[in-house]
Amino acid sequence: MVVVKFGGTSVGAVPQIDQAARIVQSMRDSKPVVVVSAMGGITDALLQAGEAAFTGQTQQRDDKLWEIRSRHDRTINELFKNRDTVHELQDTHRGIWEEVQKVFTGVSLLREMSSRSRDLISSFGERLIVPIFARYLRELGLEAEPVDAREIIVTSEDSEFLLVDFDETRKRCQKLSKMVKTGIVPVVTGFICSTPAGVTTTLGRGGSDYSASIIGSSIKADEIQIWTDVNGVMTADPRIVPDARVLDRVSYKEAAEMSYFGAKVLHPQTIMPAVDENIPLRIKNTFAPEMAGTLISVETPVHQYGVKTVTSITGMTLVSVEGRGMIGVPGVAGRVFTATARNRISVLMFSQGSSEQHISLVVNRHDGDATVKALRREFDQEIGRRRIDRITSISDIAIIALVGEGIKGAPGVAARAFGVLGSANINILMIAQGSSELNLSIVARQKDAPRAVQLIHEAFELNK
Ligand code: ADP
Ligand code: ASP
Ligand code: MG
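Now for a quick tour of the structure. (Residues numbered from 1 in each chain as written. Chains lettered and ligands numbered in written order. Predicted model: local features only at pLDDT ≥ 70, side-chain atom pairs only at ≥ 80, totals over all residues. Heavy atoms only, no water.)

1. Description of the overall build of the protein
And step 1. Counting secondary structure elements, the protein contains 14 helices and 16 strands.
And step 2. In terms of overall size, the protein behaves like a compact globule, its C-alpha atoms giving a radius of gyration of 24 Å where 464 residues would be expected to give roughly 23 Å.
And step 3. With respect to the principal axes defined by its C-alpha atoms, the protein has extents near 75 × 55 × 40 Å.
And step 4. Across the 464 residues that make up the protein, the buried fraction comes to 52%.
And step 5. Long-range pairs, those at least 24 residues apart, make up 76% of the contacts in the protein with a sequence separation of at least 6.
And step 6. About 20500 Å² of surface is accessible on the protein, with carbon and sulfur atoms providing 48% of the total. (Helix = DSSP H or I, 4+ residues; strand = E, 2+ residues; numbered from the N terminus. Rg over C-alpha atoms; globule rule 2.2 N^0.38 Å. Buried < 20%, exposed > 50% of the residue type's maximum accessible area, 1.4 Å probe, protein only. Contact = heavy atoms within 4.5 Å. Areas by Shrake-Rupley, 256 points an atom, 1.4 Å probe, with all protein chains shown as cover.)

2. So, the pairing of strand β16 (residues 439–445)
And step 1. The buried fraction of β16 amounts to six of the seven residues, a majority that puts the element mostly inside the structure.
And step 2. Bridge analysis of strand β14 (residues 390–403) against β16 gives seven bridges, and the strand direction is antiparallel. Bridge assignment links alanine 398 to a residue of β16, and that residue is alanine 444.
And step 3. Bridging between strand β15 (residues 430–433) and β16 involves four bridges; their strand directions are antiparallel. (Pairing = 2+ DSSP bridges.)

3. What to know about the site of ligand 1
And step 1. Close to ligand 1 lie 17 residues, the nearest being Thr228, Asp229, Met234, Arg239 and Lys264.
And step 2. In the environment of ligand 1, an oxygen atom lies 3.5 Å from a nitrogen or oxygen atom belonging to the backbone of valine 265.
And step 3. By residue class, the composition of the shell around ligand 1 is eight nonpolar, four polar and five charged. (Near = heavy atom within 4 Å. Polar contact = N/O pair within 3.5 Å; in protein donor to acceptor, adjacent residues only side chain to side chain. Nonpolar A, V, L, I, M, F, W, Y, C, P; charged D, E, K, R; others polar.)

4. Some words on the sheet that holds strand β13 (residues 358–364)
And step 1. Read across the open sheet, the six strands follow the order β12-β13-β11-β14-β16-β15; overall the sheet is antiparallel. The open sheet has two free edges, formed respectively by β12 (347–352) and β15, since each of these has just one partner strand. Ignoring which end each strand starts from, the neighbouring axes of this sheet average 30° apart.
And step 2. In this fold helix α13 (residues 413–423) packs onto β14, β15 and β16, with an angle of close to 20° to the strand it touches most, β16. (Axes fitted to C-alpha atoms, helices over the stretch in contact; angles between N-to-C directions.)

All we've got here are geometric facts, nothing functional implied.
Following this line, the structure appears as structure tokens:
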């Protein structure tokens, strides 16, 4: 069995849906299980309609919903010539639209938007496209059937700190293996899942990649394929570095690290389930299926200078704890971590000067104020006694990460990176090297990030 996942652009309109479906058709002998994301832009549009409902802008809400509905209606009408098929799909959709109406009216009336409501609102995109895609595969002669992932991917109740229950999910995914055995091609909604009580949850933005790997590991697939709009994993984000190059092979560790530090091509959690079952992941271009794509597995060749890719993640806040009196205060770093963990703040980077006079951490922008507050509370006594002078934050921060298994043992990586940023007058606010020595992370102002990525790409000759 092979899991075949198509992203939003790969099902964005009729020609793309046709192309994606033909790829599935060409793979019928490999026993595909298909995972599909919402049509490109639909999840955003749903969330915008939700925001409009929440803020009482009913006209904007209805305009957005109409836009979403007509895009799907148009797709159905263009894709299927047979009127009965069109009616059959419209019937299927009718139930979903009724639910859409109820949910958005509820948000408008209550003027309340919980993370549960947000999850339910954003679930409709995948639920609308899957019946269309499955029906189109049938047109091409495949025994395809839609599957709502809320029946098979089970998560914890807590939508803020979502955890997948892999044992339960594995049991429920047997349904997919059984379908495949009888010659059926399951077409599963990406992104969405549910709690044991049946409450709709999601895997976070871009989460359909993760759906594919959860399903792949649960059914012990031979391969997990992520079909998208680029030729594979590249040496940098092609929107920032136009001459970024496609990599033939990347290791699991490298892929995990680069997605964690902002490479949108893979959702950060995608790698873990694949590693657990040692299933190779392949990134392919829906619009150039003849290209080899990128293979992600255990092994990987090392690029010269050790660095293989450079990524960046923006929208971060840098929080600093400073004070000469901190020397000798026991367990400061530990208390920083305890305080952030207690407040459910995830720390992306942490560094402590050897003099213990300065601790810095990078968190998401939306956690910035809460981090400063939590630390001020934690160190209240030390601040009172002047052992800690100040706890401050800087927003609009970016992390630029150089990733490659070869960084370990390659001398001069940091020197080369700092040199090129220094000559361009780009100020480095913090640095950290992961203990795995797989990455070197540099914190800078967000406005400098694109230029920094371009300069590092060039300095390490990543385009060659
Ligand atoms: P999909 O909708 O198929 O999931 P995404 O937009 O989520 O597609 O991810 C693919 C996009 O990721 C590409 O179009 C590209 O612009 C972006 N991207 C960012 N960094 C990288 C990288 N290092 N390699 C490849 N693509 C990248
Ligand atoms: N449709 C979802 C999103 O836009 C999931 C995905 O695309 O992977 O975030
Ligand atoms: Mg994606």
